[in-house]
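Coordinate analysis (summary)
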Amino acid sequence: MASTRLLDHYYDGSWKHPKSNEVLSVTNPATHETVADVPLGSQEDVDAAVRAAVAAFPSWRRKPPEDRIQYLFKLKTLLEDHIEELARTCTIENGKTLGESRAELRRAIENVEVACGIPTMMQGYNLEDVASGIDETMIRQPLGVTAAITPFNFPAMIPFWFLPYAIACGNTFILKPSEKVPVTAQRIFELMEDLKLPPGVLNLIHGGKTVVDALLEHPDVRAISFVGSSPVAKYIYAQGAVHGKRVQCQGGAKNHVLILPDADLETSTRIITDSAFGCAGQRCLAVSVAISVGEIHKTFTEAISESVKSIRVGNGLDGDVQMGPVITQQSKSRIEGLIAQGRSEGAKVLLGGSTNGGNEHQKSNFVNPTLLDNVPANSPLSTTEIFGPVLSLIHAQTLEEGIEILSRSPFGNMASIFTKSGAAARKFRYDVPAGNVGINIGVAAPMAYFPFSGWRDSFFGVLHGQGRDAIEFYTDKKVVIERWQAEWSRKF
């Protein structure tokens, strides 16, 4: 029997064996086959990676932006040339469908493309004669060593919300991928060796909380980016601040969509089905609650039920599968426990609610696409992030009532509305307390040149990932005030 592959760390331009013997098995969620063993890195591993990043920073920051982005042009080509291989790797360790894996790699590539605009995006501004003979200039300079801690649900995309912007701005970078899905990141770093970046510019450390705490506490790490659950986001934001770091933390969500009576029922239903059950509901922009407004309630409930019934569940490598498993057995048990809780509190399970049929599915992490009707407003389920293939249905009499219902959520990641009324859409986008708003859009995912704008308990920080916010996050502003005169004066 072949031994399982043990992953390595990557820093100072080469692969390094872990300094700790503690490992965790990475398993395929669809088959429970072991994919690899990932080392649970130590503080010593982190310190070695940070020292490499510190050493690389002075010369990297002095490299002109035009030269730095040449590496990103090559990176874009590398990702495109290996998109099928990377998509398959992502599906094997995460469980999502091949189509979903390809799509997230496309979004990763978009961020690389946007970061190639750094020579323009990183520019400052200036003004002559702010006072007689005195000029003032604002310039941007890189921070130093930066790090990102990324989640299991998008192992190929989310690291690229941060990595290309960080290094294009002249920083060095350390990635700590989720220990549940480290193989995709490992393969991307193997490919990136072909870029011939200076040693220490890009670094990869595997592990769990020990690695996270070591990054948070290390005095030479200037900035931390995080995507994950809200409780962990709060912890990282607080600890990062205590240790004097710049921090951005994307947390959880409970996303609502309103369906008005004038909505195109067929199109809206299809989009909402994809939004709720794509990636098995394991995304922070998944629709979790559908609020039907007025007389559309009955027809929408019937339409969404028929649509959800048709979802084909199975191994994401199979071409006709539309939804894969959830990430772990623990996630499956938690999701099914929340469904049972909703039922006990008065919600009606219209579809699903248990493990997908078949002995092979019983043994793996498959959960039926589930519809819950009439979840009580006072139920904890109405504000709990399920992070699984579960859609709750709620009825509201008016648009105002629908907005009031969604406003009760402690989260503020995304909200969408389906309507043909411009007035209703404008009121919705104006009033809803969410950072990403969709109008006749199911998953309001911003393009790479816009910030990923969560609010409330969905985000902790000021500057978000992607686009111009990324440039602001990864640079310090320096204001230079200068006077060059033949005759000096003390007047300012």
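Before reading further, recall that the structure is shown in the block above.
Scope of this entry: the structure provided in the associated data block. (Residues numbered from 1 in each chain as written. Predicted model: local features only at pLDDT ≥ 70, side-chain atom pairs only at ≥ 80, totals over all residues. Heavy atoms only, no water.)

1. Things to note about the overall build of the protein
Counting its regular elements, the protein contains 16 helices and 22 strands. Against the globule reference of 23 Å for 492 residues, the protein gives a C-alpha radius of gyration of 24 Å, in line with a compact fold. For the protein, the spread of C-alpha atoms along the principal axes amounts to about 80 × 65 × 40 Å. Counting only contacts in the protein whose residues sit at least 6 apart along the sequence, the fraction spanning at least 24 positions is 72%. Surface summary for the protein: the accessible area is close to 20,400 Å², and the carbon and sulfur share equals 51%. (Helix = DSSP H or I, 4+ residues; strand = E, 2+ residues; numbered from the N terminus. Rg over C-alpha atoms; globule rule 2.2 N^0.38 Å. Contact = heavy atoms within 4.5 Å. Areas by Shrake-Rupley, 256 points an atom, 1.4 Å probe, with all protein chains shown as cover.)

2. Description of the environment of Leu 6
Among the structural elements, Leu 6 can be located in the segment before β1 (9-11). Residues Leu 6 and Asp 37, 31 residues apart in the sequence, show an inter-C-alpha distance of 4.8 Å. Each residue touching Leu 6, except ones within four places of it in the same chain, is listed here: Val 23, Asp 37 and Pro 39.

3. Description of the packing of helix α3 (residues 83-94) against helix α4 (residues 98-115)
Following both chains from N to C, one finds α3 and α4 inclined at 120 degrees, their axes separated by 8 Å at the closest point. The orientation of α3 with respect to α4, classified from their angle, is oblique. As for how α3 packs across α4, the hand of that crossing is right-handed. Counting all contacts with α3, which are made through Ile 83, Glu 84, Leu 86, Ala 87, Arg 88, Cys 90 and Thr 91, the residues of α4 involved are Leu 98, Ser 101, Arg 102, Glu 104, Leu 105, Arg 106 and Ile 109. Across the contact of α3 with α4, the residue classes tally to seven nonpolar, two polar and five charged. (Axes fitted to C-alpha atoms, helices over the stretch in contact; angles between N-to-C directions. Parallel < 35°, antiparallel > 145°, perpendicular 65-115°, else oblique. Left-handed = near helix turned anticlockwise from the far one by under 90°. Nonpolar A, V, L, I, M, F, W, Y, C, P; charged D, E, K, R; others polar.)

4. Examining the pairing of strand β16 (residues 390-396)
Summarising burial for β16: six of the seven residues are buried, a large majority. Pairing geometry for strand β13 (residues 287-293) and β16, over five bridges, is parallel. Paired with Val 293 across the two strands is Ala 396, which belongs to β16. Of the pairings in the sheet, the one linking strand β15 (residues 370-373) to β16 comprises four bridges and is parallel in character. Bridging across to β16, Thr 370 finds its partner in Val 390. (Buried < 20%, exposed > 50% of the residue type's maximum accessible area, 1.4 Å probe, protein only. Pairing = 2+ DSSP bridges.)

5. A short note on α4
The end-to-end C-alpha separation of α4 is 26 Å, in line with the 26 Å expected for 18 residues at 1.5 Å each. Among all positions of α4, only Leu 98, Glu 100, Ser 101, Glu 104, Leu 105, Arg 107, Ala 108, Ile 109, Asn 111, Val 112, Val 114 and Ala 115 are buried. (Expected span 1.5 Å × (residues − 1).)

6. Side note on unusual backbone geometry
Although it is not a glycine, Asp 12 sits at a positive phi angle of roughly 55 degrees. You will see that Gln 466, though not glycine, has its phi angle at about 80 degrees, which is positive. Residue position: Gln 466 is located in the loop between β21 (459-460) and α16 (467-473).

7. Some remarks on the side chain of Ser 292
If you trace the backbone, Ser 292 turns up in strand β13. In this view, Ser 292 contacts Ile 259, His 297, Phe 300, Ile 394, His 395 and Ala 396; residues no more than four positions away in its chain are not counted.

8. Focus: the packing of aromatic side chains
Under the counting rule described, the total for this entry stands at nine aromatic pairs. Here the aromatic rings of Tyr 10 and Phe 189 are separated by 5.9 Å at their centres, their planes lie at 65 degrees, and the arrangement is edge-to-face. Placement of Tyr 10 in strand β1 and of Phe 189 in helix α7 (residues 183-192) is noted, with a sequence separation of 179 residues between them. Considered together, Tyr 10 and Phe 189 belong to a single accessibility category, that of buried residues. (Phe/Tyr/Trp six-rings, centres within 6.5 Å; stacked < 30°, edge-to-face > 60°.)

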